[in-house]
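Chain and residue survey
One-letter residues, chain by chain:
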Amino acid sequence: MTDDKQKFTTVDEYIDAATYDVEPRLAETRRIIRAALPDAEETISYNIPAYKQDGVVVIQFAGYTEHTSLNLFPTAATYARFADELAPYRTSKSAIQLPLDQPLPADLIDAIARFRAEEAAAFVSRKQAGR
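Quantities reported herein were computed from a predicted structural model and do not represent experimental measurements.

Quick look at helix α2 (residues 23-36)
Taking 1.5 Å as the rise per residue, α2 with 14 residues should run 20 Å; its terminal C-alpha atoms sit 20 Å apart, in good agreement. What α2 keeps buried is the set Arg-25, Leu-26, Thr-29, Arg-30, Ile-32, Ile-33 and Ala-36. Along the axis of α2, the buried positions cluster into a sector of 165°, meaning they face one direction only.

Written out as structure tokens, the structure reads:
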């Protein structure tokens, strides 16, 4: 997608550096996540776009030559909750690959972002309670 040595400081920079095929999908993914997480802080983490709530990274996205991805950690609860919806996609220990030759699953991205926000809020609550 981009020069591996390029360091991004904003999501706009990241999307602007994308190839022609990937840029519209990244912009749409950003729009979906921002709508799902209106109070999240938009930042760059590990040189890709990230959305934080209460200091916790909720979700990230990235672009590659053959797919875009949603990146999240931990993944276990998300993968369990969305097992049926994720069946058509390749997943790894921290990413869901969304092939460029398939429509972007907007509803799924929205649902995962909202689920992860709830998961992050529960984590913060447990941490503040000392559990």
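Now that the structure is up, let's keep going.
With respect to the environment of Thr-10
Along the chain, the position of Thr-10 falls in the segment before α1 (11-16). On a C-alpha basis, the gap between Thr-10 and Pro-49 in space is 7.7 Å, while along the polypeptide they are 39 residues apart. There is a polar contact of 3.0 Å between the side chain of Thr-10 and the backbone nitrogen of Glu-13.

Some points on the pattern of salt bridges
Following the criterion strictly, the structure yields seven salt bridges and no others. We note a salt bridge from Glu-42 to Arg-34, for which the minimum N-O separation is 3.7 Å. A relative accessible area of 44% means that Arg-34 is categorised as partly exposed.

Side note on the nonpolar core
Leu-37, Ile-59, Leu-70, Ile-96 and Ile-112 are the most contacted members of the largest nonpolar core, which totals 36 residues. Going through the elements one at a time, α1, α2, β2 (48-53), β3 (56-63), β5 (95-99) and α5 (106-128) are the ones with two or more residues in this core. Excluding residues that lie within four positions of it along the chain, Ile-96 makes contacts with Thr-68, Ser-69, Leu-70, Leu-72, Tyr-79, Leu-86, Tyr-89, Arg-90, Thr-91 and Ile-112.

A short note on the pairing of β3
Looking along a regular strand, one sees side chains alternate from face to face of the sheet. Most of β3 is tucked away: seven of the eight residues are buried. Taken together, the four bridges between β2 and β3 define a ladder with antiparallel strand orientation. Looking at the pairing, Tyr-51 lines up with Ile-59 of β3. The turn linking β2 back onto β3 is made up of two residues, and Asp-54 within it adopts a positive phi angle of 55°. Bridging between β3 and strand β4 (residues 67-71) involves four bridges; their strand directions are antiparallel.

Thoughts on the environment of Ala-18
As for its position among the elements, Ala-18 is in the loop between α1 and α2. Separated by 47 residues in sequence, Ala-18 and Thr-65 have C-alpha atoms that sit 9.4 Å apart.

Looking at the sheet that holds β2
The sheet built from five strands is open, its strands ordered β1-β2-β3-β4-β5 with antiparallel pairing. With partners counted over all chains shown, the strands left at the sheet margins are β1 (41-45) and β5, one partner each. Averaged over neighbouring strand pairs, the angle between their axes works out to 25° when direction is ignored. Relative to the sheet, α2 contacts β1, β2, β3, β4 and β5, its axis offset from that of β3 by approximately 160°. Across the sheet, α5 touches β2, β3, β4 and β5, and the angle it forms with β3 is around 150°.

Cut-offs and rules
Residues numbered from 1 in each chain as written. Predicted model: local features only at pLDDT ≥ 70, side-chain atom pairs only at ≥ 80, totals over all residues. Heavy atoms only, no water. Helix = DSSP H or I, 4+ residues; strand = E, 2+ residues; numbered from the N terminus. Expected span 1.5 Å × (residues − 1). Buried < 20%, exposed > 50% of the residue type's maximum accessible area, 1.4 Å probe, protein only. Arc of directions from axis to C-beta. Polar contact = N/O pair within 3.5 Å; in protein donor to acceptor, adjacent residues only side chain to side chain. Salt bridge = Lys/Arg side-chain N within 4 Å of Asp/Glu carboxyl O. Core = buried A, V, L, I, M, F, W, Y, C linked by side-chain atoms within 4.5 Å. Contact = heavy atoms within 4.5 Å. Pairing = 2+ DSSP bridges. Axes fitted to C-alpha atoms, helices over the stretch in contact; angles between N-to-C directions.

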